[in-house]
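Spelled out from the first residue to the last, the chains are:
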Amino acid sequence: MTEERALVVRQSRQITESGWKTIMSIAPTATAARMFGVTQEQAAIVMLTGYELGLPISAAFDVIYVSRDGKRVLRPKGALGLVRSSGLLEKFDWESDDTSATVTMKRVDGPEKSMTLTIGQAQTAGWKSAAWQTTPQNMLRWRLIGWLCDLLFPDVLLGLSIADDSYLPVEITSDGDVIDGTTQWITPPVTELTQDTTAPTSVAQSSPQPPTYTEPPIPQPEPAMTLADLLQTWNAARIVEVYGGIPGTPAQVAEAKEKLEQADAS
Amino acid sequence: MPVDLDHLSYSSINTYLLCPRSWMYHYVQKIKTPVSTNLIFGSAMHDACEEYIRMGQATADPFPVSEQFEMAWKKQLDRNQEIDWQGESEDSLVKLGESMTTKTIKVTGGGPERDYRNMSVFLNGFEPLIVDNEPVIEKRVSLSIPGLPIPLIGYVDLITSDGVPCDFKTASPKSRWSAEKAKSELQPLIYLASLAQEGYALNPDLQFRYIILRKMKTTPKAQVIEIKQSWDAIFERLRMIVEDVWPAIEAGAFPPNESSWKHNDRYCDYWNLCPYGGG
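Before going into details, it helps to say that this report is about the structure given with it. (Residues numbered from 1 in each chain as written. Chains lettered and ligands numbered in written order. Predicted model: local features only at pLDDT ≥ 70, side-chain atom pairs only at ≥ 80, totals over all residues. Heavy atoms only, no water.)

Our next topic: the interface of chain A and chain B. Facing the 26 residues of chain A at the interface are 19 residues of chain B. Roughly 1900 Å² is buried in total at the junction of chain A and chain B, and carbon and sulfur atoms are behind 67% of that figure. The interface formed by chain A and chain B includes zero salt bridges. Linking chain A with chain B are one residue pair in polar contact (both at pLDDT 80 or more), by the criterion used here. Looking at the side of chain A that touches chain B, the elements with two or more residues in it are α1 (17–32), α8 (227–231), α9 (236–243) and α10 (250–265) of chain A. Looking at the side of chain A that touches chain B, the element that brings in the most residues is α9 of chain A, giving four residues. Looking at the side of chain A that touches chain B, its residues break down into 16 nonpolar, eight polar and two charged. (Contact = heavy atoms within 4.5 Å. Buried area = accessible area lost by both parts, 1.4 Å probe. Salt bridge = Lys/Arg side-chain N within 4 Å of Asp/Glu carboxyl O. Polar contact = N/O pair within 3.5 Å; in protein donor to acceptor, adjacent residues only side chain to side chain. Helix = DSSP H or I, 4+ residues; strand = E, 2+ residues; numbered from the N terminus. Nonpolar A, V, L, I, M, F, W, Y, C, P; charged D, E, K, R; others polar.)

Shown next, in the form of structure tokens:
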């Protein structure tokens, strides 16, 4: 058994006005460079989502996929990277043989969960993209990793769905990436497969119950206040005079703005 | 390309502005290069001056700057760093340091042109500010800027008793230093902003003083450049850092600057590595 290589990410953050400007300025280049090959708007949404997830802007393209109809989904490999970097993953383990795979995860503040899936079940479900034909064990594992990340770490993943060709007509590679597709939601053939247990459990013994896939709203950026916002109304000397120094955080900028408005009014 | 930083500094930002690609080699790829003799000589002279002033507050008879330089020079050599001697010898640099610190020094700026018997006598004119019974020397300052997720860190060489922050520079005889150049430097703006954010109120006119020590063996010279900055200039540079520099760094924008004065094999540490240089 070997450790998969996960992406390194940073803490989540809120987009600033300048960050959004940067994203919009990079989007044409990202599209032209085929980092993201559909539209500039979709490239911008990928970068915005990545920014909020705490990713470097350019790394967002390795993690997030936006379908032609505008739905954002996380690639399974990206989901695992985000979960790992959150510091909330206490245990991650898997076993596989020629016919099945079992993945176990434990969140630091939650119970351990194991899920098992067999190639027979995959065939019964009708999953038959190219990667399922060539590397079915990898596909089983990524399927289970995606499900467990979605189940145990929805807060880390900001409610984003995970690309999964059992639910979405997207094609996943054996490395956990998305090839292409649309996200017209379809009924999952096999779904809720978890139990609170330390021992792997076969999916055949669980009653099917689909994970909840809700289409996440596209967040509107709420830029934090910066010094530039103050400078639109007051000059630098006035800001320092009234605030008594240089505001160092968005909260201090807001406080300075309040003080300046009060000073102007009095 | 992920950038893993916990702070920025004025020199880091200066490096990025001079050549983003050089910044990438240094701060992202963390490629070590040999230290130049300019850097170790300048560091030794800088440490010697600071230590002389510090010691002068503790004793009436401090070791002269020349002896401080000898000790600081040895410390630099003992740091086990790979040095790019660029054709210079250790002996010639020691002699240069000795000449600069023991011979009569001609000083311009900060008053009429004048001579001092040696570097120690010259430095006696810079009385440090005392806070909590300690001279304010090599003071660490930190600046938070809204929109910048990491702080800007710096070290102010000296704050004199008139409240003015000072910086020692060792410069070649021909390098051009003027009030205009000093006013265009990022360093004073960041240090003044950092001090203001810490609530430092002893420098309301936003003054800053450079003490430039020329590397001249026969007729040592020094230049004192005093400038005043404005809040407008400070805020404009902070805006530039947040809106122009940091987003570019985060986006992984590291193009070479082939029109920079550093774009040559003498001054660029990464010349042989960089495909836009000699690599």
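Additional details are given in the paragraphs that follow.
Residues and elements named next belong to chain B. Over its 13 residues, helix α4 (residues 65–77) runs 18 Å from end to end, which matches the ideal 18 Å to within 8%, given 1.5 Å per residue. Among all positions in α4, only V65, S66, Q68, F69, A72, W73 and Q76 are buried. Take α4 and look down its axis: the buried residues cluster within an arc of 150°, on one side only. When the buried face of α4 is taken as reference, the exposed residues oriented beyond 90 degrees from it are K74 and K75. Where α4 is buried, its residues meet α3 (37–58), α5 (90–102) and α6 (119–123). (Expected span 1.5 Å × (residues − 1). Buried < 20%, exposed > 50% of the residue type's maximum accessible area, 1.4 Å probe, protein only. Arc of directions from axis to C-beta.)

Strand residues, when the strand is regular, have side chains that alternate between the two faces of the sheet. Residues and elements named next belong to chain A. Of all seven residues making up strand β5 (residues 112–118), six are buried, and the element is well covered by its neighbours. Relative to β5, strand β4 (residues 100–107) runs antiparallel, the two being bridged by seven bridges. Along β5, the bridge assignment pairs M105 with K113. (Pairing = 2+ DSSP bridges.)

Residues and elements named next belong to chain B. Inspection of every chain in the model, using the stated rule, returns 16 aromatic pairs over all chains. Aromatic side chains Y25 and Y270 sit 5.3 Å apart centroid to centroid with 40° between the ring planes, which places their arrangement in the tilted category. Of the two residues, Y25 sits in helix α2 (residues 20–28) while Y270 sits in the segment after α9 (231–250), which places them 245 residues apart along the sequence. Per residue, the accessibility class of Y25 equals that of Y270, and both read buried. Between Y191 and F208, the ring centres sit 6.4 Å apart and the planes meet at 55°, which makes this aromatic pair tilted. (Phe/Tyr/Trp six-rings, centres within 6.5 Å; stacked < 30°, edge-to-face > 60°.)

Turning our attention to the pattern of salt bridges. Residues and elements named next belong to chain B. Summed over all chains, the structure comprises 20 salt bridges over all chains. In this structure, the salt-bridge partner of D244 is R239, at a minimum N-O distance of 3.4 Å. Of the residues examined, D244 reaches a relative accessible area of 41% and is grouped as partly exposed. Each of the salt bridges in this network shares a partner with another, and the network as a whole consists of E236, R239, E243 and D244.

A few words now on unusual backbone geometry. Residues other than glycine predominantly adopt negative phi, and peptide bonds predominantly adopt the trans conformation. All names here are of chain B. Phi angles above zero are rare outside glycine, and K30 is one such case at about 50°. The phi dihedral of N133 falls on the positive side, at around 65°, and the residue is not glycine. Along the polypeptide, N133 turns up in the loop between β5 (130–131) and β6 (134–135). The exposed category is assigned to N133, whose relative accessible area is 74%.

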